[in-house]
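Survey of secondary and tertiary structure
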Amino acid sequence: MRAGAEVVIEKDALPVAVVKPPEPVLRLLSESLRLAREHGSTATLDGGFAKDVEAAIECHREPLDPPAWD
């Protein structure tokens, strides 16, 4: 299957499933916040949120080693 291609599986000329690439897994925080605003979210972040995120990133600087099937 080529990248981005969809495959429709049929039985008796009726579609029963669609196989397609998954949606992207990685998303920037700024993109997540934009999507939340677009979907009407009224959530607010406390003042220490950015510091907490930076601290979490600093604690996990090793490269991600996902399973081979990812």
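These numbers were taken from a predicted model, which means no experiment stands behind them.

This part is about the confidence of the model for the protein chain. The share of residues in the protein chain with pLDDT of 70 or more is 91%, and the mean pLDDT across the chain is 82. Here helix α2 (residues 49-59) stands out as the element of the protein chain with the lowest mean pLDDT, 84, in contrast to strand β2 (residues 14-19), whose mean of 94 is the highest.

Looking at where Val-8 falls in the secondary structure, it is placed in strand β1 (residues 7-11). For Val-8, the residues in contact, after removing those within four places along its chain, are Pro-15, Ala-17 and Val-18.

So, on to the pairing of β2. A small share of β2 lies buried, amounting to 0 of its 6 residues. Alignment of β1 against β2, held across 5 bridges, turns out to be antiparallel. Each residue of the ladder has a partner; that of Ile-9, found in β2, is Ala-17. Hairpin connection of β1 to β2: 2 residues between the antiparallel strands, including Asp-12 at a positive phi of 55 degrees.

Criteria and cut-off values
Residues numbered from 1 in each chain as written. Predicted model: local features only at pLDDT ≥ 70, side-chain atom pairs only at ≥ 80, totals over all residues. Heavy atoms only, no water. pLDDT = per-residue confidence, 0-100. Helix = DSSP H or I, 4+ residues; strand = E, 2+ residues; numbered from the N terminus. Contact = heavy atoms within 4.5 Å. Buried < 20%, exposed > 50% of the residue type's maximum accessible area, 1.4 Å probe, protein only. Pairing = 2+ DSSP bridges.

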